[in-house]
Amino acid sequence: MKRIYSLLITGLLLFSATSCDERLADLNVDPDNSPSASDAQVLTSALGYMSYVQDVELNMNSFLWAQYYTWGIGVSIGNQERFVSEPDDFNNYWIRSYAQVLTDVKFLTKSDSKAYSGIGKVLMAYMYQGLVDHFGSVPFSEALNGEIADGSILTPSYDSPDAIYASLVTTLDDAISDLGVATADAGSDDLVYGGDLEKWTKFANSLKLRILLRTSETAPNAAAIQQLIASGSFIESMSDIAKVDFSGATGNQNPMWARMTWGVGDFYFASNATVNKLNELGDPRLEAFYTPASSGTFNGQIRGIDQGSIDNEPFTAPATDYSGSSPVAVAQDNSVFFMSPWEVWFLRAEAAARYGTADDASAAFATAISSNFSFLGVDGASDYIASLGFDDLTSLDDQIDAIAVQKWISLNGTQEDEGWIETRRFDRPASRVFTEGIFQTPTLTVLPQGVFPSTWLYPETERSLNANAPAQRTITDKIFWDN
């Protein structure tokens, strides 16, 4: 009898303990929140971080080296203007790209939803191309595998940049396949297209064209490009543009504008490298890119400063004597652009000129320029295009130079980082159109006359924490597609 009583007490105690544990577990579950983020939440997060990375870490770091802007009144010439780079200058881009954007993107690529997996693969290709274009070799095949289930790889190896590029083409093919069979699972959480999967396919094809053309001077992809142009749909109009909008309201402000407002402000002035070229061409977009001076001898006119020569200007001169950025470039309600129709039409013009695709090079060139004029609200596109005489150019090099200059101009104010990247690619042995033509050597540069940066340094954080990080490079080293 004592034994039966003892067993009953033991059973009651076990039941009581189990019930208590279950009740405590229930108390720790929020019925209104999933214990893991949903695809929708992760997509919004990824695009939000990606917008910041694009506008602050990339565009703001590149608009000086693309020579759209130079330092202005009230500041001494800075290190970036003199081409002085330190490894920790690029920590934020690296960390935000891997730890924030790509971590979210990897989650999306594993989704059971073909819509989210397809979108995730497009974003993955976009982000990794950016990393390669700035650093060269980067962690790729072993990246983002720090979790136990992924192998606990905390010091990933570095993949060769050309191998990554090849993998990105495959990733985009997979994305296009996913998007082709997907149902419309995404909606308002998709800050770019609101769940329109046909437009994501256009983005994927456009990005694939960019990747394939990037190696045009070192490893041409003629057959792949011809096939893509013949069969793919692309970003062609403003309704297709890949961008994230910002309302300008508190908490929803353009990242570049917010960064400048939080910091020392927008002290950048128009670079004469750009101003001189636009004046030479009689380009009516000049006052769309920059704000005219509102005082002094040049009142009402565009007045730039020679690149990196601010120390030669009177320190006490009012900033209003010079031209700064227009609202096209810096405003609290500006969108962040990932790919624009003018960029894509320039890619198509180049592809047609180089490889004889199904497009007409002259028509694509004209459409690229006119679409940029339309976006800027500037009249006179037809007359300006005619003045460039693209139809009369007989050599491929002359055609490529014309495309290079007009593309660089058109990326001003919206895609400054892409503008800098393309100046490196188009500045080729057959024509140093930028480094021996348009660009100005800063007064206090640490590089020789006529020498300009062509890559970023590996971040200090990465080289300190990852034993597999390669040796540091110099800013004049070249990415694999650059010659």
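See the structure shown above.
The residue numbering used here restarts from 1 in each chain and proceeds along that chain's sequence as written. Since the coordinates come from a predicted model, pLDDT governs what is reported: local features require at least 70, and pairs of side-chain atoms require 80 or more to be given and counted, while whole-chain, interface and lining totals use all residues. To get the side-chain values, all heavy atoms of the structure are used, and hydrogens and water are removed first.

1. As for the overall build of the protein chain
Definition in use: The numbering of helices and of strands both runs from the N terminus, where a helix is a DSSP run of H or I of at least 4 residues and a strand a run of E of at least 2. Classification of residues uses two cut-offs on accessible area relative to the type maximum, computed with a 1.4 Å probe and protein chains only: under 20% is buried, over 50% is exposed, and between them is partly exposed. Two residues qualify as a contact provided that any one of their heavy atoms is within 4.5 Å of a heavy atom in the partner residue. Methods summary: accessible areas were calculated by the Shrake-Rupley approach with a probe of 1.4 Å, and residue burial reflects only the protein chains presented.
For the protein chain, the helix and strand inventory stands at 17 helices and eight strands. With the C-alpha coordinates aligned to their principal axes, the bounding extent of the protein chain is approximately 110 × 55 × 45 Å. Across the 483 residues in the protein chain, those meeting the buried criterion constitute 54%. The contacts of the protein chain with a sequence gap of at least 6 include a subset with a gap of at least 24, amounting to 76%. Roughly 20,400 Å² of accessible area belongs to the protein chain as shown, and the carbon and sulfur atoms make up 52% of that amount.

2. Remarks on the packing of helix α7 (residues 222-231) against helix α11 (residues 341-355)
Basically, it comes down to this: Fitted lines through C-alpha atoms serve as axes, helices being fitted only where they are in contact, and the angles separating the N-to-C directions of these axes extend from 0 to 180 degrees. Every angle not falling under 35 degrees, over 145, or within 65 to 115 is termed oblique; those three ranges are roughly parallel, roughly antiparallel and roughly perpendicular. Each crossing gets its handedness from the near helix: less than a right angle anticlockwise from the far helix is left-handed, clockwise is right-handed.
Put simply, α7 and α11 touch, their axes get as near as 11 Å, and they point 125° apart. Classed by the angle they form, the pair α7 and α11 counts as oblique. Crossing hand, α7 versus α11: left-handed. On the side of α7, the interface is formed by Ala222, Ile225, Gln226 and Ile229, while α11 contributes Arg348, Ala351 and Tyr355.

3. Overview of empty space enclosed by the protein
This is how it is decided: Cavities and pockets are defined on a 1 Å grid built over the protein atoms alone: a cavity is a set of grid points where a 1.4 Å probe fits but cannot escape, while a pocket is an open set with protein on both sides within 12 Å along at least five of seven lines, and lining residues are those with an atom within 4 Å of any such point. Grid points are joined across faces, edges and corners, and a volume is the space filled by probe spheres set on the points. Only Asp, Glu, Lys and Arg are considered charged, only Ala, Val, Leu, Ile, Met, Phe, Trp, Tyr, Cys and Pro nonpolar, and every remaining residue, Gly among them, polar.
Overall, the coordinates contain one cavity of 30 Å³ or more when judged by the stated rule. Size it by volume and the largest cavity reaches roughly 160 Å³. As for the largest cavity, its lining consists of 19 residues, and the residues nearest its centre are Gln54, Leu58, Tyr126, Gly130 and Asp417. Secondary-structure elements contributing two or more residues to the lining of the largest cavity are α2 (39-62), α4 (114-135), α6 (197-214), β8 (336-339) and α15 (416-426). Per element, the largest residue contribution to the lining of the largest cavity is six residues, and it comes from α4. Here the lining of the largest cavity is built from residues that sort into nine nonpolar, five polar and five charged.

4. Considerations on a negative patch on the surface
Applied cut-off: Patch construction takes residues with relative accessible area above 30% that form no salt bridge. Like charges are linked within 9 Å, and nonpolar side chains (Val, Leu, Ile, Met, Phe, Trp, Tyr) are linked within 5 Å. Only one rule defines a salt bridge in this text: a Lys or Arg side-chain nitrogen within 4 Å of an Asp or Glu carboxyl oxygen. Residues scored as charged are limited to Lys and Arg (positive) and Asp and Glu (negative), so that His and the chain ends carry no count. All charge positions are set by atom: Lys at NZ, Arg at CZ, Asp at CG, Glu at CD.
There is a patch of like negative charges on the surface, built from Glu86, Asp88, Asp89 and Glu460. In this structure, Asp88 sits in the loop between β1 (69-71) and α3 (91-109).

5. Examining helix α9 (residues 272-281)
Those residues of α9 lying buried are Asn272, Ala273, Thr274, Val275, Lys277 and Leu278. Where the residues of α9 are buried, they touch β5 (268-270), α10 (286-289), β6 (290-291), α14 (396-410) and α16 (434-438). Remark: Gly282 follows α9 within two positions and exhibits a positive phi of approximately 60°.

6. Examining the pattern of salt bridges
Side chains that carry opposite charge are capable of pairing whenever their charged atoms lie near each other. Across all of its chains, the model carries 26 salt bridges by this definition. One salt bridge connects Glu236 with Arg348, and the closest N-O pair in it is separated by 3.0 Å. One end of the pair, Glu236, is in the loop between α7 and β4 (242-244); the other, Arg348, is in helix α11, with 112 residues separating them in the sequence. Among the residues examined, Arg348 registers a relative accessible area of 7% and is labelled buried. Arg285 serves as the salt-bridge partner of Asp283, at 2.8 Å between the closest nitrogen and oxygen.

7. Things to note about the environment of Ile409
Of note, Ile409 is situated in helix α14. You can call Ile409 buried: its relative accessible area is 3%. Separated by 228 residues in the primary sequence, Ile409 and Val181 have C-alpha atoms spaced 38 Å apart. In this structure Ile409 touches Leu278, Leu281, Asp283, Arg285, Phe289 and Tyr384, once residues within four positions along its chain are discounted.

8. With respect to the packing of aromatic side chains
Convention followed: For this analysis, a ring pair means two rings from Phe, Tyr or Trp (six-membered ring only for Trp) whose centres lie within 6.5 Å, classed as stacked if their planes differ by under 30 degrees, edge-to-face if by over 60, and tilted for the remaining angles. Here, over-ring charges are defined by two tests on the NZ atom of lysine or the CZ atom of arginine: distance to the ring centre within 6 Å, and angle to the ring normal within 35 degrees.
Applying the stated criterion to the full structure yields 38 aromatic pairs. Judged by centre distance (6.4 Å) and plane angle (85°), the rings of Trp94 and Tyr458 are edge-to-face. Here Trp94, found in helix α3, pairs with Tyr458, found in the loop between α16 and α17 (460-465); they are 364 residues apart in sequence, far enough to count as distant. Grouping residues by exposure puts Trp94 and Tyr458 together as buried. An angle of 70° between the planes, with centres 6.2 Å apart, marks the rings of Tyr98 and Tyr128 as edge-to-face. Taken as a pair, Tyr98 in helix α3 and Tyr128 in helix α4 lie far apart in primary sequence, 30 residues in all. Here Tyr98 falls in the buried class, since its relative accessible area comes to 10%. Tyr128 sits in the buried class, given a relative accessible area of 2%. In textbook terms, an aromatic cluster arises when at least three aromatic residues are bridged by ring pairs, as seen for Phe90, Tyr93, Trp94, Tyr98, Tyr128, Phe135, Phe140, Tyr158, Trp456 and Tyr458. Over the ring of Trp481 we find Arg214, and its NZ or CZ is 5.8 Å from the ring centre. Arg473 extends its terminal NZ or CZ atom over the ring of Tyr458, reaching a point 4.3 Å from the ring centre.

9. Some remarks on the environment of Ser51
Its location among the elements puts Ser51 in helix α2. Look at Ser51 and you get buried, because its relative accessible area is 0%. Every residue in contact with Ser51, bar those within four places of it in the chain, is listed here: Val244, Phe246, Pro255, Val336 and Phe338.

10. Some remarks on the side chain of Asp482
Tracing the chain through its elements places Asp482 in the segment after α17. Residues in contact with Asp482, not counting those within four places in the same chain, are Thr218, Arg424 and Ser454.

11. Regarding the environment of Thr297
Relative to the helices and strands, Thr297 is located in the loop between β6 and β7 (324-325). Residue Thr297 is classed as exposed on the basis of its relative accessible area of 73%. Taking the C-alpha atoms as reference points, Thr297 and Gly151, 146 residues apart in sequence, are found 66 Å from one another.

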